[in-house]
Amino acid sequence: MNIVLIAHDSKKKLMQNLCIAYKGILIKHNIYATETTGQLVENASGLMVHKYLTGHLGGIQQIATQIETNQIDIVIFLHDPMIPRSQDNAYYNVFTICDIHNIPIATNLASAELMIKSLERGDLDWRNLYKH
């Protein structure tokens, strides 16, 4: 499965810890992230991360394109709910694109853990059928 990791600055450490905790599951999949998040995750967990541009320099748009073309199976977006949507509109468009294209998205630690455990159990294998 192709998994995208996105984290606002205030959630990057949490993303690193999530990836350390679930490295055994995540290592079996393709991990994608924006440049900064990807580098932090690689350094902390040792996971190989395919990196897009930095988020504000076009990485979020690259991710959105991958979602729209059904090349992403899961999005884990640890966002800071205190950032007004008007200041971070490109990031919040990811939510809409995931909804339009039926891509599972986790937006906090609890839903991210559930998503990863579901991935391990095979609960998300339906994505393989959906792509064909």
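Thresholds applied
Residues numbered from 1 in each chain as written. Predicted model: local features only at pLDDT ≥ 70, side-chain atom pairs only at ≥ 80, totals over all residues. Heavy atoms only, no water. Helix = DSSP H or I, 4+ residues; strand = E, 2+ residues; numbered from the N terminus. Rg over C-alpha atoms; globule rule 2.2 N^0.38 Å. Buried < 20%, exposed > 50% of the residue type's maximum accessible area, 1.4 Å probe, protein only. Contact = heavy atoms within 4.5 Å. Areas by Shrake-Rupley, 256 points an atom, 1.4 Å probe, with all protein chains shown as cover. Salt bridge = Lys/Arg side-chain N within 4 Å of Asp/Glu carboxyl O. Core = buried A, V, L, I, M, F, W, Y, C linked by side-chain atoms within 4.5 Å.

Draft legend 1. Spatial organisation of the overall build of the protein. Counting its secondary structure elements, the protein contains seven helices and five strands. Element order for the protein, N to C, with α for helix and β for strand: β-α-α-β-α-β-α-β-α-β-α-α. In summary, the protein has a C-alpha radius of gyration of 13 Å against a globular reference of 14 Å for 132 residues, a match within 12%. With the C-alpha coordinates aligned to their principal axes, the bounding extent of the protein is approximately 35 × 30 × 25 Å. In the protein, which comprises 132 residues, the proportion classed as buried is 47%. For the protein, the proportion of contacts with a sequence separation of at least 24, taken over those separated by at least 6, is 65%. Carbon and sulfur atoms make up 52% of the accessible area of the protein, which totals about 6700 Å².

Draft legend 2. Looking closely at the pattern of salt bridges. In the structure shown here, the tally under the stated rule is four salt bridges. Here lysine 51 makes a salt bridge to glutamate 42, at a shortest N to O gap of 3.0 Å. Residues aspartate 123 and arginine 121 are paired through a salt bridge, measuring 2.5 Å at the closest nitrogen-oxygen approach.

Draft legend 3. Quick peek at the nonpolar core. Of all hydrophobic cores here, the largest spans 24 residues; its most connected members are Ile3, Leu5, Met15, Leu26 and Ile76. Among the elements of the structure, β1 (2–7), α1 (12–21), α2 (23–26), β2 (30–33), β4 (74–78) and α6 (109–121) are those that each provide at least two residues to this core. In contact with leucine 5, other than residues within four places in its own chain, are Met15, Cys19, Ile31, Tyr32, Ala33, Thr34, Thr37, Val41 and Ile76. Tyr32, Ala64, Ile72 and Tyr92 belong to the second largest nonpolar core, which has 18 residues in total.

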